[in-house]
Structures are given as C-alpha cells and as structure tokens.
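So you can see what is in the structure, the chains are spelled out below.
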Amino acid sequence: MSRSLIQLSLIHFREFVREPGILFWSIFFPMLMAWVLGIAFSSKPETLESFAVVKNSEGPYFGLKTLIDSSKLKINRAHQVEYVKVFEDSKLGRTTFRFTYTSWDSALIMLKRGQIQLILKESPSRLEYHFDPRSSEAKLGYIYLSSLMKNGKLHEAGEDIMPLTRIGTRYIDFLVPGLIALGMMNSIFWGMCYGLVEMRMKKLLRRMVATPMKKSEFLLSHFIARLSLSLLEGLILLTFSWFYFHITIQGSIAALLLVFFAGDFAFAGISILVSSRVSNTRVATAIVNAMTMPMMVLSGVFFSYHNFPDFVIPFIKVLPLTLLADSLRSIFIEGAGFHEVMGALIILPLLGTITFTLGLKWYKWY
Amino acid sequence: MDIDSSAPAIALHSVIKKFKEVTAVNDLSFTIGQGEFVALLGPNGAGKTTLVEMIEGLQFPTSGEIFVFGKNWKGHQHFLHRQLGISLQETRFIDKLTVYETLNLFASFYNLPVERINQVMSMVGLDEKRKTYTVNLSGGQRQRLALGVGLLNNPRLLLLDEPTTGLDPTSRREIWNILMDLKKNERTTLILTTHYMEEASFLCERIIIMDHGKVIAKGTLDELLAHHNKGEIIEFIAGCTVNTDQLAAIPGVRSIHRASGDKLRLIVDNIITVLPLVMQEMDKQMCGFMSLECRKFTLDDLFVSLTGRTLND
Ligand SMILES: Nc1ncnc2c1ncn2[C@@H]1O[C@H](COP(=O)(O)OP(=O)(O)OP(=O)(O)O)[C@@H](O)[C@H]1O
Ligand SMILES: [Mg+2]
C-alpha cells in the first residue's frame, strides 16, 4: 500500500473513532435493535384478542354468554363494561380475551382506533362477526373465539401443537443476518454518499485534485475503509448475537466472506454513481433516504417479503439489499455454500462494476 | 522533467469564461514572468477566482488558451500539479483531523519527508496547534493551514485566492512576511487576489485591476498612479456653509465632490500650491475647518474612479 493510500484510508478510521455519533449509530444501534427485537419476539408468547360486543334486546347468544359468565368483570378507563378471560396453554402460551359491551357506533370508533379487531353482534339465535378479512389478526381472533365456544379449548382434540425453538428457526435467527445486511448498506451509503458529497461541498475535493493525488487511490481508500468498517460492525453484531442468542453460522464461512465483499462492492458502486454529481449534502441525505427506506421495508430485513403481492416479488428479489440479506440468511440458517448464493455472487459485483464505471465517467471532481 | 526557464510562468491567450448568464472572464490576454509577484485586484464578482481557478486547472475556459510554464493543462496535469501550490478562496478541511494529520495527508500526495511537514508548520506558525482538530481552529488559523498546505511542495507557482481576508492585522503581517521570504529566493512566482490595496502594493511589484471580467488597469503601483494622473486630494469639513463656486474658481482645483456627510473633497493638481489658496478663500468666507486632510491619490481612490465601486464592497 502506498503512503498516500494509507493516509487517505486513515481519514475514515480516524473519523470513525473520533466521532461518537458514528460509533453509536453503526455499532450500538444495530446491537440494541437486535436485542430489543430479539427479546420482544422470543419471550413467552402472549396474545390479546379484543372484541366489542353489541347487545340485542332479544337476549344474549348462548355460547358467548357461557364464556362471559366465566370471565372477570372490569370497568375500563372509558367507563365501559369489560369481561376478561385468560387462557393458559403450555404450548400456545397465554391468550387473553377481552369483551367490551358497547353500542354499534362506538364499537366502530374503537375499531378505527385499533382498540379492538372484531365487533360481535349477538342475538339468541346467531352471532355476527364483523371484521376486516384482510387483517390476519382479526381472522385469528375469529377462529379462536369460534373454537373456544365449540370445544372450550383453543384447538381441537386430536391435534397437537409442537412449538419450534430450535436454533435457526427462531425470529432472531431470521433477524440477525438481515440486520447485518442492513447495517452494511447504511454504513456504506451514508459513509460514502454523504462523505463524498461533503468533501465536494467543502471544496476539499477540488483542493485535493489540485495535487498529484491519484483519483483511483482516493476512491479505493473509501472502499477499503468502508469494507473494513462494515466487516467490523458485522462482526461485533455477530459476536453479540452469538453470545446473547447463541446464533451460529451453519454454512460456509468462505462463501459468507465473499458475499460480504460482493455486497460492499455493489453498495460502494451505487454510492459513487448517485453521488457523482451532487454538490450539496442535503440532496445527498434525501438521495440516501430515498434508496434505503424502500429497501428497508421491501427487502425482508425485519419480516419476510413473501407477504407482498406476487407480482412485486421478482422485483424485490433483485434489490441489492434483498440479495445480500437472503444470501447471508441462507448461509447462516440454511447452511448454504457457494452454490446456493451464486446468484448474488454474480449480480452484486456486476451491479457494482456497472454503477462504478458510470459514476466514474460522470464524476464531478471540481 | 524540469521547467523551461525561458517560458513565462503564465500566458493567457484570449481567455473567455462564460457561465449561463454572466461572462466571468472576458477575453483576457497577458503573461506573467517567472519570479514575478502579481496582485489581482477587483471588487466582488470581478472574475478573480474564476481566472485563478482556470490557471489552477480547476475550471476550464469557454475559449482561449492558458499555458503554465509553457504547458497546457491537457496532457501535463501530472507535471503541473507538482509545480503548483494553491490556496482556494474557501476550503474546509476534514473536521476531525488534526493540523499535523492534514499536512501529512497532503504531504503524502507529493511524497514529501516528515521534516518538511514540521518545517511548514512552524513557517505558518501552527506549531502549537499541531494536535488541534481543524474544526477547532480559528478562521485565521485555518487560513494559515490552507497556506501551509499550499507551500508544502515548495511550489514554483503559488496561487493564493484572498489569503488574508478576515485576518487581524498581525496575522496579515505574518503572512506577508512568509511571502516576502519566498520572494527573496526568487524561485517562486506568486499570484494573489486581494481586496486590500495595501497588501497589493506591499507584496507585489505588478498589479492587475479587474472588473467585469476585464483588465481595466495594470502596471506597478507608481506606473498606475502616474498613468492615471488623477491629481491629489484635499478633504475637509467646514464650520459653515461654503460657497463651492468660489472654491472651484481657484486655479489648480480640478473638481469638487461631496464625499460623505458634510465632507467636501477637492481634487487638485498639487496640494502644496493649492492648499494656501483654499485656506485664503475659506478665510474670506469666514469659515473655519472642523477637519482637514490632504493626501496623494491612492490605489483605492484610483479604483473608485475607474470602476465607480470601492474595493471592499
Ligand atoms: N459556477 C458558477 N456558476 C455561475 N456563475 C458563476 C460561477 N462561478 C462564478 N460565477 C459568476 O462569475 C462572476 C465572477 O465570479 P468570481 O468568483 O470569479 O468573482 P471574484 O472576483 O472572485 O469575486 P470575490 O471578490 O467576491 O471573490 C460572478 O458574477 C459570479 O456570480
Ligand atoms: Mg473570489
């Protein structure tokens, strides 16, 4: 490594350790997020099903009345009458049913506010369920209540529920590879786009290109710094998750490193392209947000993207963050090797090369 | 590759730079010899920065040609970058890098030894600040750092864009001293833009005055003043209302202006012969002086009379 390349790379490492904000957001924040989300989804499952019940002058529905008779009566903060029934199940955990007696109009308001998911309209001969069929939570409430009134249990006799808690199938196993991918993307997009544009805005870039500095070394130093820093960030998050949640890597470590490198390269190329002509950090911030926000939502970092409509899934699958997160995840929890992540290993570097070449062509040095 | 000692440091041939609406540099041609110290004077927006940055290879002329040490920027970037030292009108360095680290970064581009960094640091008086982050430097210290960065490679051509703007008088003197030392070794050519005529006349033997992208006057200070023989100045505030017609009739008085407030400015051929006549006339009008000031025409005055604007506006 030449002396100037070392000095150029050192800029980033020095900034990294001297700017407390960077340290917090790139190291502690992902850890905190893994911790909070990991805890939230791994503690004992607890479900709350809330219903509004609208009475009929003819009298109550028998099944519901039996259930309500065995519930505890409460007056809630809005001075409404509430019945609460708690079911403990060794497999399903605790499920709480809450019935609030009210009028149709106020039930609708409660539904809009998200306080309840279903409205029950009762008469002696029938029970009407009113809910949005697109809400799976509401559907679950319907099935539970219906099963409960029929059998007095949450599931049928002869069925058995076996909770999965093996490592590799928990939510945290799904989450951590995604968080590592997300951290990488954020670190590189912010570090490079914002960093490069800031240098241009401060007129530092033009000061530097007025010296014999090699432009290739300048860009390379950014890449080297980002690669090592994101590796460090990933490693720290991984160590933490291994220590706290006993996460392991089941697949090939070599493939993992290569995927990492490919991802870094793709994000770096994109950064150079989008920042090639921007001369204001506010625009840079907007651009980075416009890129990271959709990917954060679409790429299945927190929740699987398979719930999105079928026609967008092929598109989601080729987003760089999706490619990266999916490959990391398959190496982490499915034990994948080179063969399984070949797609990402081809597309990501290709994307990086194309964006880098175009970016360099249009790059505004002065 | 070495410098051709017969080539001028800078040669401009009909250089024009147009932006969308403005012509920042409008058909300039001149040469600057090696070892010369030249000041570029002009009001805001005159085109100084644009011109200097074209010479530095950071902007490109719309038409015309620029030669630096006989070489065009195209194809000789690597060579020219090594000969030039520059300081831009406005540069901010990396916030959380120290003075020493910043100099070291730039020194690494020229592959200069560490001793040179220390040398430059004491030259620009930043020894005490070597471990200070650039973001924590004062404005003047930052400008001295910028100058230091420009001096690192011991450049043959130094281009400084307003190096002393915003500095206190002591710091300004310090920078002048550094530049005067460079002048002694006769190796360096300097082009400096400034709004201070004092600075221009102290440091530079040649002065170029620009406005609206054109050169409106050039030469040594004496040449400029002699060539644009504008006379001398008597300024006073009178104790009563003066009959200016009588004053204008005095032989040797060229014109009378109301300077500012109650102040009257007489432009005269020669203070020594005209002043007694003016005093006589004031006596006759039974008017005393509240203040009286006589001076030669300065570059500032010349500037105002050439452009209708002051240098510092
Ligand atoms: N990038 C640009 N785009 C459009 N117009 C520009 C640009 N740079 C300079 N100009 C215009 O060109 C003219 C000359 O600007 P320049 O910066 O060269 O002036 P200057 O003499 O350095 O002024 P100052 O003393 O304020 O530094 C100005 O009218 C300015 O608005
Ligand atoms: Mg300027």
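These numbers come from a predicted model, not from an experiment.

**Student:** How should the sheet that holds strand E2 (residues 72-75) of chain A be read in this particular structure?
**Tutor:** Sheets are built from strands that pair by backbone hydrogen bonding, the pairs being arranged parallel or antiparallel. Residue and element names in this part refer to chain A. Strand order in the open sheet formed by 6 strands is E2-E3-E4-E1-E5-E6, with mixed pairing between adjacent strands. A single partner strand is all that each edge strand has here, and the edge strands are E2 and strand E6 (127-130). For this sheet the average axis-to-axis angle between neighbouring strands, irrespective of direction, equals 30°. Summarising the sheet, E2 and strand E3 (residues 81-89) pair through 4 bridges and their orientation is antiparallel. Looking at E3, one finds that Lys72 is bridged to Val84. In the packing of helix H4 (residues 104-112) onto the sheet, the strands contacted are strand E1 (46-54), strand E4 (93-101), strand E5 (118-122) and E6, and the crossing angle to E5 comes to about 160°.

**Student:** Looking at this model, I keep getting lost on helix H1 (residues 3-18) of chain A. Mind explaining?
**Tutor:** Residue pairs spaced three or four apart in an α-helix point in one direction, given the helix's 3.6 residues per turn. Taking 1.5 Å per residue as the helical rise, H1(A) with its 16 residues ought to reach 22 Å, and the 22 Å between its terminal C-alpha atoms agrees with that figure. The complete set of buried residues in H1(A) reads Ser4(A), Leu5(A), Gln7(A), Leu8(A), Ser9(A), Ile11(A), His12(A), Arg14(A) and Phe16(A).

**Student:** Any chance you could explain the environment of Arg282(A) here in plain terms?
**Tutor:** Residues and elements named next belong to chain A. With respect to the helices and strands, the residue Arg282 is situated in helix H10 (residues 281-298). You can call Arg282 exposed: its relative accessible area is 72%. Expressed as a C-alpha distance, the spacing of Arg282 and Glu198, which sit 84 residues apart in the sequence, is 9.5 Å.

**Student:** What exactly am I supposed to notice about the coordination of the magnesium ion (ligand 2) here?
**Tutor:** Six octahedrally arranged donors around a metal ideally form angles of 90 or 180 degrees; four tetrahedrally arranged donors ideally form angles of 109.5 degrees. Taken together, Thr49(B) (OG1) and Gln89(B) (OE1) make up the protein donors of the magnesium ion (ligand 2), found 1.8 to 2.2 Å from the metal. Residue Thr49(B) is located in helix H1 (residues 48-55), and its partner Gln89(B) is located in the loop between strand E5 (84-87) and helix H3 (99-110); the two are separated by 40 residues in the primary sequence.

**Student:** Got a minute to help me understand the interface of chain B and chain A in this structure?
**Tutor:** The accessible area lost on association of the parts is a frequent measure of interface size. In this complex, chain B contributes 34 residues to the contact, which on the side of chain A involves 22 residues. For the pairing of chain B and chain A, the buried interface totals around 2800 Å² over both sides, and the portion due to carbon and sulfur atoms is 57%. On inspection of chain B and its partner chain A, the count reaches 6 salt bridges. Among the ionic pairs, Lys202(A) bridges to Asp95(B), the shortest N-O distance being 3.0 Å. Linking chain B to chain A there are 16 residue pairs in polar contact (both at pLDDT 80 or more). Class assignment of the residues belonging to the side of chain B that touches chain A gives a composition of 16 nonpolar, 11 polar and 7 charged.

**Student:** What should I look at first to understand a nonpolar patch on the surface in this one?
**Tutor:** All names here are of chain A. A cluster of nonpolar residues, Phe24, Trp25, Phe28, Phe29, Leu32, Trp35, Val36, Ile39, Trp242, Phe243 and Tyr244, forms a patch on the protein surface that exposes about 1200 Å² of accessible area. Listed by contribution, the elements that provide at least two residues to the nonpolar patch are helix H2 (20-42) and helix H8 (215-245). Among the elements that make up the nonpolar patch, the one with the highest residue count is H2 (8 residues). Relative to the helices and strands, Val36 is located in helix H2. Residue classification places Val36 among the partly exposed positions, given a relative accessible area of 44%.

**Student:** Would you mind showing me how to read the nonpolar core here?
**Tutor:** General note: in soluble globular proteins, nonpolar side chains tend to be found buried as a group. Ranked by internal contacts, the top residues of the largest apolar core, which has 148 residues, are Phe218(A) and Leu51(B). It is helix H6 (residues 171-201) of chain A that provides the largest number of residues to this core, a total of 17 residues. Those residues in contact with Phe218(A), other than ones at most four positions away along the chain, are Leu8(A), Leu196(A), Met199(A), Leu205(A), Met208(A), Met213(A) and Trp365(A). Counting residues in each nonpolar core, the second largest holds 18 residues, with Phe97(A), Leu118(A), Ala138(A) and Leu154(A) among its members.

**Student:** Which parts of the structure should I look at to understand helix H3 (residues 62-69) of chain A?
**Tutor:** Residues and elements named next belong to chain A. Within the sequence span of H3, burial applies to Gly63, Leu64, Leu67 and Ile68. The arc enclosing the buried residues of H3, seen along the axis, measures out at 130°, which places them on a common side. In this structure, H3 carries Phe62 and Asp69 as exposed residues pointing more than 90 degrees from its buried face. Tucked inside the fold, the buried residues of H3 contact E1, E3, E4, E5, E6 and helix H5 (136-151).

**Student:** What should I look at first to understand the domain arrangement of chain B in this one?
**Tutor:** What the domain assignment reports for chain B is domain 1 (10-226) and domain 2 (231-296). Taken over C-alpha atoms, the centre of domain 1 of chain B sits 42 Å from the centre of domain 2 of chain B.

**Student:** Teacher, can you tell me more about the state of the cysteines here?
**Tutor:** Between two cysteines, a covalent bond joining their sulfur atoms is known as a disulfide. Residues and elements named next belong to chain B. This model, assessed by the stated rule, comprises 1 disulfide over all chains. At a sulfur-sulfur separation of 1.5 Å, the disulfide partner of Cys240 is Cys287. Because the torsion about its S-S bond is -105°, the bridge between Cys240 and Cys287 counts as left-handed. Taken together, the residues Cys240 in the loop between strand E10 (232-238) and helix H9 (244-248) and Cys287 in the loop between helix H10 (271-284) and strand E13 (289-296) connect sequence positions 47 residues apart. Looking at Cys240, the relative accessible area reads 32%, which means it is partly exposed.

**Student:** In this structure, what is going on with the pairing of E4(A)? I would like to understand it.
**Tutor:** Each regular strand shows side chains that alternate between the opposite faces of the sheet. Residue and element names in this part refer to chain A. For E4, a buried count of 7 out of 9 residues is recorded, marking the element as mostly surrounded by other parts of the structure. Where E1 and E4 come together, 8 bridges link them in parallel fashion. The partner of Ser50 across the bridge, within E4, is Arg98. Pairing geometry for E3 and E4, over 9 bridges, is antiparallel. By the bridge assignment, Phe87 is partnered in E4 with Thr95. Linking E3 back to E4 in an antiparallel pair, the connection comprises 3 residues.

**Student:** Which parts of the structure should I look at to understand the site of ligand 1?
**Tutor:** Residue and element names in this part refer to chain B. Close to ligand 1 lie 14 residues, the nearest being Asn44, Gly45, Lys48, Thr49 and Thr50. Ala46 is positioned such that a nitrogen or oxygen atom in its backbone is 3.1 Å from an oxygen atom of ligand 1. Take Gly47: an N or O atom from its main chain is 2.9 Å from an oxygen atom of ligand 1. At 3 residues, H1 tops the list of elements feeding residues into the shell around ligand 1. Here the shell around ligand 1 is built from residues that sort into 5 nonpolar, 7 polar and 2 charged.

**Student:** Whenever I open this one, the packing of aromatic side chains confuses me. Can you help?
**Tutor:** The description of an aromatic ring pair uses the distance of the two centres, along with the angle that the planes make with each other. Using the criterion set out here, one finds 26 aromatic pairs over all chains in the structure. With centroids separated by 5.5 Å and ring planes inclined at 75°, the aromatic side chains of Phe106(B) and Phe109(B) adopt a geometry described as edge-to-face. Of this pair, Phe106(B) and Phe109(B) both sit in helix H3, 3 residues apart, which is roughly one turn of the helix. It is Arg200(A) that lies over the ring of Tyr363(A); its NZ or CZ is 4.8 Å from the centre. A cation sits over an aromatic face here: Arg173(B) above Phe202(B), 5.3 Å from the ring centre.

**Student:** Hey, could you run me through the packing of H1(A) against H8(A) in this one?
**Tutor:** Helix-helix packing: each pair is described by the crossing angle between the helix axes and the interaxial distance. All names here are of chain A. It is the contact of H1 with H8, at a shortest axis distance of 8 Å, that shows an interaxial angle of 40°. It follows that H1 is oblique to H8 by the angle criterion. Of the two possible hands of crossing, H1 and H8 adopt the one that is right-handed. Where H1 abuts H8, its residues Ser4, Leu5, Leu8, Ser9, His12, Phe13 and Phe16 lie against Glu217, Phe218, Leu220, Ser221, His222, Ile224, Ala225, Arg226, Ser228, Leu229, Leu232 and Glu233. The residue inventory of the contact of H1 with H8, partitioned by class, reads 10 nonpolar, 6 polar and 3 charged.

**Student:** I'm lost on the domain arrangement of chain A in this one. Help?
**Tutor:** What the domain assignment lists for chain A is domain 1 (3-40 + 167-362) and domain 2 (47-151). Centre-to-centre separation of domain 1 of chain A and domain 2 of chain A, based on C-alpha positions: 46 Å.

Conventions adopted
- Residues numbered from 1 in each chain as written.
- Chains lettered and ligands numbered in written order.
- Predicted model: local features only at pLDDT ≥ 70, side-chain atom pairs only at ≥ 80, totals over all residues.
- Heavy atoms only, no water.
- Pairing = 2+ DSSP bridges.
- Helix = DSSP H or I, 4+ residues; strand = E, 2+ residues; numbered from the N terminus.
- Axes fitted to C-alpha atoms, helices over the stretch in contact; angles between N-to-C directions.
- Contact = heavy atoms within 4.5 Å.
- Expected span 1.5 Å × (residues − 1).
- Buried < 20%, exposed > 50% of the residue type's maximum accessible area, 1.4 Å probe, protein only.
- Donors = N, O, S within 2.8 Å, 3.2 Å for Na, K, Ca; no water.
- Buried area = accessible area lost by both parts, 1.4 Å probe.
- Salt bridge = Lys/Arg side-chain N within 4 Å of Asp/Glu carboxyl O.
- Polar contact = N/O pair within 3.5 Å; in protein donor to acceptor, adjacent residues only side chain to side chain.
- Nonpolar A, V, L, I, M, F, W, Y, C, P; charged D, E, K, R; others polar.
- Patch = residues over 30% accessible without salt bridge, like charges linked within 9 Å, V, L, I, M, F, W, Y side chains within 5 Å.
- Areas by Shrake-Rupley, 256 points an atom, 1.4 Å probe, with all protein chains shown as cover.
- Core = buried A, V, L, I, M, F, W, Y, C linked by side-chain atoms within 4.5 Å.
- Arc of directions from axis to C-beta.
- Domains from an automatic or database assignment.
- Disulfide = S-S within 2.5 Å.
- Near = heavy atom within 4 Å.
- Phe/Tyr/Trp six-rings, centres within 6.5 Å; stacked < 30°, edge-to-face > 60°.
- Lys NZ or Arg CZ within 6 Å of the ring centre and 35° of its normal.
- Parallel < 35°, antiparallel > 145°, perpendicular 65-115°, else oblique.
- Left-handed = near helix turned anticlockwise from the far one by under 90°.

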